[in-house]
Amino acid sequence: MNTTPNSERIRISIFGRRNAGKSSLLNAILGQEHAIVSPVPGTTTDLVQKAMELLPLGPVLLVDTPGLDDAVVLREILTANYMSQSDFTLHLMNASQSATKKDMTFIVNTLKNGKSGGLIIGLTHVDKLSQNDIKEVLNYTKNSIKTELAECGFDESLADDTKFFTISAIKN
């Protein structure tokens, strides 16, 4: 599997706003410090890629992207353009902050235009919230996606296959 060219690997891309936890998630999946993690927004300035075998999928290319809200417009464009190359999309959102218009626009564009074989939304920083607050954030996010789809003239049911998970950086 190590000889599989990147162009033939399943591309799993991690998207989200700056400091949503994209690089931390990549490192956690890899079990090593591959991407630089920093509290300073905008640390990831280019695509960070790592080829590996992920069972049961086989050879994959994991890709960490700069933030959707990057202060450098070219990085934001790089991230948006990479969406069409992704086979599978993980979108991270800080659960302790409200979903932004950029989050919703990205999610809707992924659902309606993306080549992506699937969309999973990860709510990060959940250790800062109560279980009740986490449920409220999940419901709010799901409803926001459906509202945004309807406002763009698309069927709300596009959101029905979207999966959600929560992430905490606190080690147990």
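These numbers come from a predicted model, not from an experiment.

Caption draft 1: View of helix α4 (residues 131–151). Helix length check: α4, at 21 residues, gives a terminal C-alpha distance of 30 Å against a target of 30 Å (1.5 Å per residue), a fit within 8%. Taken as a whole, α4 has its buried residues at Ile134, Val137, Leu138, Thr141, Ser144, Ile145, Glu148 and Leu149. Looking down the long axis of α4, one finds its buried residues gathered within 130 degrees of arc, a one-sided arrangement. Along α4, exposed side chains directed more than 90 degrees from the buried face belong to Lys135 and Glu151. Looking one or two residues beyond α4, the residue adopting positive phi is Gly153, at roughly 85 degrees.

Caption draft 2: Fine view of the side chain of His91. With respect to the secondary-structure elements, His91 resides in strand β4 (residues 88–94). The exposure class of His91 is buried, given its relative accessible area of 0%. In contact with His91, not counting residues within four places along its chain, are Phe15, Gly16, Leu68, Asp103, Phe106, Ile107, Leu119, Ile120, Ile121 and Gly122.

Caption draft 3: Fine view of the packing of aromatic side chains. With the rule as written, the count across this model stands at one aromatic pair. Plain terms: the ring middles of Phe15 and Phe106 are 4.8 Å apart, the flat faces sit at 40 degrees to each other, and that makes the pair tilted. Residue Phe15 is located in strand β1 (residues 10–16), and its partner Phe106 is located in helix α3 (residues 101–113); the two are separated by 91 residues in the primary sequence. A relative accessible area of 6% means that Phe106 is categorised as buried.

Caption draft 4: Region of the structure containing the pattern of salt bridges. If you walk through the whole model with that rule in mind, you get three salt bridges. Its salt-bridge partner being Asp103, residue Arg17 comes within 3.0 Å of it at the nearest N-O pair. Of this pair, Arg17 sits in the loop between β1 and α1 (22–30) while Asp103 is found in helix α3, placing the two residues 86 residues apart along the sequence. Each member of the pair, Arg17 together with Asp103, is buried. Residues Asp160 and Lys146 are paired through a salt bridge, measuring 3.2 Å at the closest nitrogen-oxygen approach. Here Lys146 lies in helix α4 and Asp160 lies in the loop between α4 and β6 (163–166), a separation of 14 residues in the sequence. On the basis of relative accessibility, which here comes to 29%, the residue Lys146 falls in the partly exposed class.

How each quantity is defined
- Residues numbered from 1 in each chain as written.
- Predicted model: local features only at pLDDT ≥ 70, side-chain atom pairs only at ≥ 80, totals over all residues.
- Heavy atoms only, no water.
- Helix = DSSP H or I, 4+ residues; strand = E, 2+ residues; numbered from the N terminus.
- Expected span 1.5 Å × (residues − 1).
- Buried < 20%, exposed > 50% of the residue type's maximum accessible area, 1.4 Å probe, protein only.
- Arc of directions from axis to C-beta.
- Contact = heavy atoms within 4.5 Å.
- Phe/Tyr/Trp six-rings, centres within 6.5 Å; stacked < 30°, edge-to-face > 60°.
- Salt bridge = Lys/Arg side-chain N within 4 Å of Asp/Glu carboxyl O.

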